[in-house]
Amino acid sequence: MIDKLEFFIALARQQHFGRAAEECGVTQPTLSAGIKQLEDILGVMLVQRGSRFQGLTPEGRQVLDWARRIVGDTRAMRDEMRAARHGLSGRMRIAAIPTALAMVPKLTTPMRDKHPGITFSILSRTSIEVLSLLGNFEIDAGITYLDNEPLGRVTSVPLYAERYQLITAVGNEYSDRQKVTWEEVSTLPLCLLTPDMQNRRIIDQHLADAGVQVRPTLESNSMIVLFSHIRTGKWSSIMPLNLAETFGFAEPIRAIPIVEPDASHTVGLVVARRDPNTTLVQALLDEAMALAGDFRRKV
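Before going into details, it helps to say that this report is about the structure given with it. No experiment lies behind these values; they were computed from the predicted model shown. (Residues numbered from 1 in each chain as written. Predicted model: local features only at pLDDT ≥ 70, side-chain atom pairs only at ≥ 80, totals over all residues. Heavy atoms only, no water.)

1. Digging into unusual backbone geometry
Now for step 1: Between glutamate 260 and proline 261 the backbone carries a cis peptide bond, its omega angle lying at 5°.
Now for step 2: Along the chain, proline 261 falls in the loop between strand E9 (253–259) and strand E10 (264–272).
Now for step 3: Even without being glycine, glutamine 15 reaches a positive phi, approximately 55°.
Now for step 4: Within the fold, glutamine 15 resides in the loop between helix H1 (2–14) and helix H2 (17–24).
Now for step 5: Residue glutamine 15 is classed as exposed on the basis of its relative accessible area of 51%.
Now for step 6: One non-glycine residue, tyrosine 174, lies in positive phi territory at about 75°.
Now for step 7: With respect to the secondary-structure elements, tyrosine 174 resides in the loop between strand E4 (154–169) and strand E5 (180–181).
Now for step 8: Of the residues examined, tyrosine 174 reaches a relative accessible area of 14% and is grouped as buried. (Helix = DSSP H or I, 4+ residues; strand = E, 2+ residues; numbered from the N terminus. Buried < 20%, exposed > 50% of the residue type's maximum accessible area, 1.4 Å probe, protein only.)

So this is what it looks like as C-alpha coordinates:
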(Lines give C-alpha, C1' and ligand atoms only; values in the text may rest on other atoms or scores of the structure.)
Protein backbone atom coordinates (compact mmCIF):
# COMPACT_ATOMS: atom_id res chain seq x y z
CA MET A 1 0.00 0.00 0.00
CA ILE A 2 2.78 2.48 0.87
CA ASP A 3 4.53 1.89 -2.46
CA LYS A 4 1.26 2.44 -4.32
CA LEU A 5 0.60 5.65 -2.42
CA GLU A 6 4.11 6.88 -3.29
CA PHE A 7 3.40 6.09 -6.97
CA PHE A 8 0.21 8.14 -6.71
CA ILE A 9 1.94 11.10 -5.04
CA ALA A 10 4.66 11.08 -7.71
CA LEU A 11 2.04 11.04 -10.50
CA ALA A 12 0.18 13.96 -8.92
CA ARG A 13 3.46 15.88 -8.69
CA GLN A 14 4.80 15.10 -12.17
CA GLN A 15 1.42 15.00 -13.97
CA HIS A 16 2.99 12.54 -16.39
CA PHE A 17 3.08 8.75 -16.13
CA GLY A 18 6.55 8.39 -17.65
CA ARG A 19 8.19 11.04 -15.46
CA ALA A 20 6.47 9.69 -12.35
CA ALA A 21 7.72 6.18 -13.10
CA GLU A 22 11.24 7.50 -13.59
CA GLU A 23 11.09 9.36 -10.27
CA CYS A 24 9.98 6.17 -8.49
CA GLY A 25 12.59 4.03 -10.23
CA VAL A 26 10.05 1.68 -11.84
CA THR A 27 8.71 1.06 -15.34
CA GLN A 28 5.64 2.95 -16.53
CA PRO A 29 3.51 -0.26 -16.67
CA THR A 30 4.50 -1.04 -13.06
CA LEU A 31 3.44 2.44 -11.91
CA SER A 32 0.17 2.31 -13.86
CA ALA A 33 -0.62 -1.14 -12.47
CA GLY A 34 0.13 0.02 -8.92
CA ILE A 35 -2.23 2.99 -9.21
CA LYS A 36 -4.94 0.75 -10.75
CA GLN A 37 -4.54 -1.64 -7.79
CA LEU A 38 -4.87 1.32 -5.41
CA GLU A 39 -8.11 2.31 -7.16
CA ASP A 40 -9.40 -1.26 -6.82
CA ILE A 41 -8.56 -1.32 -3.10
CA LEU A 42 -10.28 2.02 -2.44
CA GLY A 43 -13.16 1.44 -4.84
CA VAL A 44 -12.88 4.80 -6.59
CA MET A 45 -11.27 6.24 -9.69
CA LEU A 46 -8.30 8.43 -8.77
CA VAL A 47 -6.97 9.50 -12.16
CA GLN A 48 -8.73 10.81 -15.26
CA ARG A 49 -7.35 8.61 -17.99
CA GLY A 50 -6.87 9.22 -21.68
CA SER A 51 -3.96 9.03 -24.07
CA ARG A 52 -2.05 11.02 -21.44
CA PHE A 53 -2.48 12.21 -17.86
CA GLN A 54 -5.56 14.45 -17.64
CA GLY A 55 -5.66 15.20 -13.92
CA LEU A 56 -7.01 13.76 -10.71
CA THR A 57 -10.67 13.03 -10.05
CA PRO A 58 -12.33 14.77 -7.06
CA GLU A 59 -11.85 11.52 -5.15
CA GLY A 60 -8.22 11.49 -6.25
CA ARG A 61 -7.65 14.93 -4.76
CA GLN A 62 -9.11 13.72 -1.46
CA VAL A 63 -6.95 10.60 -1.49
CA LEU A 64 -3.87 12.70 -2.28
CA ASP A 65 -4.18 14.54 1.06
CA TRP A 66 -4.43 11.23 2.91
CA ALA A 67 -1.59 9.73 0.88
CA ARG A 68 0.75 12.58 1.79
CA ARG A 69 -0.06 12.18 5.48
CA ILE A 70 0.35 8.40 5.46
CA VAL A 71 3.60 8.45 3.48
CA GLY A 72 4.94 11.29 5.62
CA ASP A 73 4.18 9.37 8.82
CA THR A 74 5.78 6.24 7.38
CA ARG A 75 8.96 8.13 6.54
CA ALA A 76 8.99 9.64 10.02
CA MET A 77 8.75 6.15 11.55
CA ARG A 78 11.57 4.81 9.36
CA ASP A 79 13.80 7.79 10.20
CA GLU A 80 13.16 7.38 13.90
CA MET A 81 14.02 3.67 13.82
CA ARG A 82 17.18 4.38 11.82
CA ALA A 83 18.19 7.06 14.33
CA ALA A 84 17.56 4.65 17.19
CA ARG A 85 19.94 2.12 15.60
CA HIS A 86 22.68 4.32 14.15
CA GLY A 87 22.24 7.85 15.51
CA LEU A 88 20.73 10.77 13.63
CA SER A 89 21.77 10.74 9.97
CA GLY A 90 20.40 11.33 6.50
CA ARG A 91 19.95 14.21 4.06
CA MET A 92 18.16 17.37 5.15
CA ARG A 93 16.58 19.20 2.19
CA ILE A 94 15.95 22.92 2.72
CA ALA A 95 14.60 25.54 0.29
CA ALA A 96 15.01 29.22 1.15
CA ILE A 97 14.01 32.52 -0.40
CA PRO A 98 17.09 34.28 -1.87
CA THR A 99 17.24 36.98 0.80
CA ALA A 100 17.38 34.31 3.54
CA LEU A 101 20.16 32.15 2.08
CA ALA A 102 22.88 33.97 3.98
CA MET A 103 21.40 33.01 7.36
CA VAL A 104 20.98 29.29 6.61
CA PRO A 105 24.41 28.45 8.17
CA LYS A 106 23.03 29.60 11.53
CA LEU A 107 20.81 26.51 11.38
CA THR A 108 22.91 24.00 9.47
CA THR A 109 26.26 24.56 11.23
CA PRO A 110 25.16 23.84 14.83
CA MET A 111 22.97 20.98 13.61
CA ARG A 112 25.90 19.42 11.78
CA ASP A 113 28.15 19.88 14.84
CA LYS A 114 25.69 17.89 16.94
CA HIS A 115 24.89 15.27 14.29
CA PRO A 116 27.87 14.64 11.97
CA GLY A 117 25.91 12.01 10.05
CA ILE A 118 23.61 14.63 8.51
CA THR A 119 24.19 16.09 5.05
CA PHE A 120 22.35 19.08 3.60
CA SER A 121 20.86 20.11 0.27
CA ILE A 122 20.10 23.86 0.10
CA LEU A 123 17.99 25.31 -2.73
CA SER A 124 17.17 28.92 -3.62
CA ARG A 125 13.45 29.21 -4.44
CA THR A 126 10.59 31.72 -4.45
CA SER A 127 8.23 31.74 -1.47
CA ILE A 128 5.52 30.05 -3.57
CA GLU A 129 7.92 27.34 -4.67
CA VAL A 130 9.05 26.76 -1.07
CA LEU A 131 5.49 25.96 0.01
CA SER A 132 4.82 23.83 -3.08
CA LEU A 133 7.97 21.76 -2.56
CA LEU A 134 7.08 21.32 1.11
CA GLY A 135 3.57 20.14 0.28
CA ASN A 136 4.92 17.65 -2.26
CA PHE A 137 7.51 16.16 0.14
CA GLU A 138 10.33 17.36 -2.13
CA ILE A 139 11.96 19.24 0.76
CA ASP A 140 11.98 18.76 4.52
CA ALA A 141 11.83 22.43 5.48
CA GLY A 142 11.66 25.92 4.04
CA ILE A 143 12.73 29.41 5.04
CA THR A 144 10.34 32.11 3.90
CA TYR A 145 8.24 35.11 4.95
CA LEU A 146 5.75 34.33 7.72
CA ASP A 147 3.59 37.47 7.79
CA ASN A 148 2.97 38.64 4.24
CA GLU A 149 1.20 35.91 2.23
CA PRO A 150 -0.80 32.79 3.27
CA LEU A 151 1.30 29.81 4.39
CA GLY A 152 -1.28 27.02 4.59
CA ARG A 153 -0.90 24.02 6.90
CA VAL A 154 2.62 24.43 8.23
CA THR A 155 4.43 24.72 11.53
CA SER A 156 6.47 27.95 11.60
CA VAL A 157 9.25 29.34 13.77
CA PRO A 158 10.21 33.06 13.42
CA LEU A 159 13.95 33.57 12.92
CA TYR A 160 14.52 37.28 12.23
CA ALA A 161 12.92 40.53 11.07
CA GLU A 162 13.81 41.72 7.58
CA ARG A 163 14.35 45.50 7.40
CA TYR A 164 15.22 47.40 4.25
CA GLN A 165 18.13 49.60 3.26
CA LEU A 166 19.19 51.55 0.21
CA ILE A 167 22.44 50.00 -1.05
CA THR A 168 24.33 52.50 -3.18
CA ALA A 169 27.83 53.64 -4.07
CA VAL A 170 29.51 56.62 -2.43
CA GLY A 171 29.00 59.69 -4.61
CA ASN A 172 25.53 58.66 -5.79
CA GLU A 173 22.48 60.69 -4.86
CA TYR A 174 21.53 60.25 -1.18
CA SER A 175 24.78 58.38 -0.42
CA ASP A 176 25.71 60.97 2.22
CA ARG A 177 22.35 60.65 4.04
CA GLN A 178 21.71 58.88 7.37
CA LYS A 179 18.27 57.76 6.16
CA VAL A 180 16.16 58.01 3.04
CA THR A 181 12.43 57.68 2.30
CA TRP A 182 10.77 55.15 0.00
CA GLU A 183 9.65 58.03 -2.22
CA GLU A 184 13.22 59.29 -2.58
CA VAL A 185 14.54 55.81 -3.37
CA SER A 186 12.09 55.54 -6.27
CA THR A 187 14.00 58.23 -8.22
CA LEU A 188 17.22 56.16 -8.42
CA PRO A 189 18.28 53.64 -11.12
CA LEU A 190 17.45 50.43 -9.25
CA CYS A 191 18.34 46.79 -9.71
CA LEU A 192 15.84 44.53 -7.92
CA LEU A 193 14.77 40.92 -7.65
CA THR A 194 12.27 39.67 -10.24
CA PRO A 195 8.50 40.10 -9.60
CA ASP A 196 8.01 36.39 -8.84
CA MET A 197 10.01 36.92 -5.62
CA GLN A 198 8.00 37.87 -2.54
CA ASN A 199 10.76 40.31 -1.50
CA ARG A 200 10.08 42.23 -4.72
CA ARG A 201 6.33 42.20 -4.10
CA ILE A 202 6.94 43.57 -0.60
CA ILE A 203 9.18 46.34 -1.94
CA ASP A 204 6.67 47.23 -4.67
CA GLN A 205 3.92 47.47 -2.05
CA HIS A 206 5.92 49.79 0.20
CA LEU A 207 6.73 51.99 -2.79
CA ALA A 208 3.05 52.01 -3.79
CA ASP A 209 2.08 52.95 -0.22
CA ALA A 210 4.46 55.91 -0.58
CA GLY A 211 2.56 56.94 -3.71
CA VAL A 212 5.25 56.00 -6.24
CA GLN A 213 5.93 53.26 -8.77
CA VAL A 214 9.30 51.95 -9.87
CA ARG A 215 10.45 50.42 -13.11
CA PRO A 216 13.86 48.99 -12.24
CA THR A 217 16.54 49.23 -14.90
CA LEU A 218 17.70 45.68 -14.06
CA GLU A 219 15.94 42.63 -12.60
CA SER A 220 17.40 39.28 -11.60
CA ASN A 221 16.50 36.29 -9.44
CA SER A 222 20.13 36.14 -8.27
CA MET A 223 21.44 38.18 -5.37
CA ILE A 224 24.98 37.80 -6.75
CA VAL A 225 23.91 39.54 -9.97
CA LEU A 226 22.42 42.43 -7.98
CA PHE A 227 25.52 42.78 -5.79
CA SER A 228 27.85 42.77 -8.79
CA HIS A 229 25.88 45.57 -10.46
CA ILE A 230 25.78 47.66 -7.29
CA ARG A 231 29.57 47.44 -7.13
CA THR A 232 29.84 49.13 -10.55
CA GLY A 233 28.55 52.32 -8.91
CA LYS A 234 25.90 52.72 -11.63
CA TRP A 235 23.03 50.94 -9.87
CA SER A 236 21.44 51.08 -6.45
CA SER A 237 19.21 48.50 -4.80
CA ILE A 238 16.84 47.89 -1.89
CA MET A 239 17.97 44.99 0.27
CA PRO A 240 17.38 43.61 3.75
CA LEU A 241 19.76 44.89 6.40
CA ASN A 242 20.83 41.39 7.50
CA LEU A 243 21.78 40.44 3.93
CA ALA A 244 23.84 43.59 3.40
CA GLU A 245 25.66 42.94 6.68
CA THR A 246 26.40 39.34 5.71
CA PHE A 247 28.05 40.37 2.45
CA GLY A 248 30.11 42.91 4.37
CA PHE A 249 29.68 46.00 2.22
CA ALA A 250 32.44 48.51 2.85
CA GLU A 251 33.41 51.75 1.19
CA PRO A 252 32.72 52.80 -1.47
CA ILE A 253 29.30 51.11 -0.88
CA ARG A 254 26.85 52.44 1.71
CA ALA A 255 23.78 50.86 3.34
CA ILE A 256 21.23 53.54 4.31
CA PRO A 257 18.02 52.79 6.27
CA ILE A 258 14.76 53.42 4.39
CA VAL A 259 12.03 55.10 6.45
CA GLU A 260 8.49 56.40 6.10
CA PRO A 261 7.72 53.69 6.95
CA ASP A 262 10.55 51.82 8.71
CA ALA A 263 9.11 48.52 7.45
CA SER A 264 9.92 45.02 8.64
CA HIS A 265 8.70 41.53 7.79
CA THR A 266 9.27 38.31 9.71
CA VAL A 267 11.22 35.47 8.07
CA GLY A 268 11.17 32.01 9.57
CA LEU A 269 11.40 28.26 9.22
CA VAL A 270 8.39 26.33 7.94
CA VAL A 271 7.84 22.56 8.03
CA ALA A 272 4.82 20.44 7.18
CA ARG A 273 2.43 20.20 10.13
CA ARG A 274 2.84 16.65 11.38
CA ASP A 275 2.85 14.88 14.75
CA PRO A 276 5.30 13.39 15.28
CA ASN A 277 7.89 15.06 13.07
CA THR A 278 10.71 13.08 11.54
CA THR A 279 13.81 13.02 13.73
CA LEU A 280 15.68 15.14 11.15
CA VAL A 281 12.95 17.78 11.04
CA GLN A 282 12.69 17.84 14.82
CA ALA A 283 16.44 18.40 15.14
CA LEU A 284 16.16 21.33 12.71
CA LEU A 285 13.19 22.71 14.64
CA ASP A 286 15.26 22.56 17.83
CA GLU A 287 17.95 24.72 16.21
CA ALA A 288 15.30 27.11 14.90
CA MET A 289 13.77 27.44 18.35
CA ALA A 290 17.17 28.44 19.74
CA LEU A 291 17.42 31.18 17.09
CA ALA A 292 13.81 32.16 17.76
CA GLY A 293 14.75 32.85 21.36
CA ASP A 294 17.38 35.33 20.16
CA PHE A 295 14.81 36.88 17.82
CA ARG A 296 12.24 37.38 20.61
CA ARG A 297 14.84 39.04 22.83
CA LYS A 298 15.64 41.54 20.05
CA VAL A 299 12.01 42.41 19.27
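2. Notes on empty space enclosed by the protein
Now for step 1: Under the defined criterion, the tally for this structure stands at 1 cavity of 30 Å³ or more.
Now for step 2: Here the largest cavity is characterised by a volume of approximately 40 Å³.
Now for step 3: Lining the largest cavity, in full, are Ile97, Pro98, Thr99, Thr126, Ser127, Tyr145, Leu193, Met197, Gln198 and Asn199.
Now for step 4: Its residues placed into classes, the lining of the largest cavity shows 5 nonpolar, 5 polar and no charged. (1 Å grid on protein atoms, 1.4 Å probe; cavity = no way out; pocket = protein on both sides within 12 Å on 5 of 7 lines; lining within 4 Å. Points joined across faces, edges and corners; volume = space filled by probe spheres on them. Nonpolar A, V, L, I, M, F, W, Y, C, P; charged D, E, K, R; others polar.)

3. A short note on the packing of H1 against helix H3 (residues 28–42)
Now for step 1: Here H1 crosses H3 at 110°, and the two axes come no closer than 9 Å. As the angle between them shows, H1 and H3 are arranged roughly perpendicular. For the pair H1 and H3, the sense of crossing is left-handed. Facing H1, whose interface residues are Lys4, Leu5, Phe7, Phe8 and Leu11, H3 presents Thr30, Leu31, Gly34, Ile35, Gln37, Leu38 and Ile41.
Now for step 2: Each residue belonging to the contact of H1 with H3 can be placed in one class, and the counts come to 8 nonpolar, 3 polar and 1 charged. (Axes fitted to C-alpha atoms, helices over the stretch in contact; angles between N-to-C directions. Parallel < 35°, antiparallel > 145°, perpendicular 65-115°, else oblique. Left-handed = near helix turned anticlockwise from the far one by under 90°. Contact = heavy atoms within 4.5 Å.)

4. Looking at the pattern of salt bridges
Now for step 1: Evaluated as defined, the whole model comprises 10 salt bridges.
Now for step 2: We note a salt bridge from arginine 13 to glutamate 23, for which the minimum N-O separation is 2.2 Å. Remark: glutamate 23 occurs in helix H2 and arginine 13 occurs in helix H1; sequence separation between them is 10 residues.
Now for step 3: Between arginine 177 and glutamate 184 there is a salt bridge, and its shortest N-O distance comes to 2.9 Å.
Now for step 4: For arginine 177, a relative accessible area of 30% puts it in the partly exposed group.
Now for step 5: Through salt bridges with shared partners, a single network forms among Arg13, Glu23 and Glu138. (Salt bridge = Lys/Arg side-chain N within 4 Å of Asp/Glu carboxyl O.)

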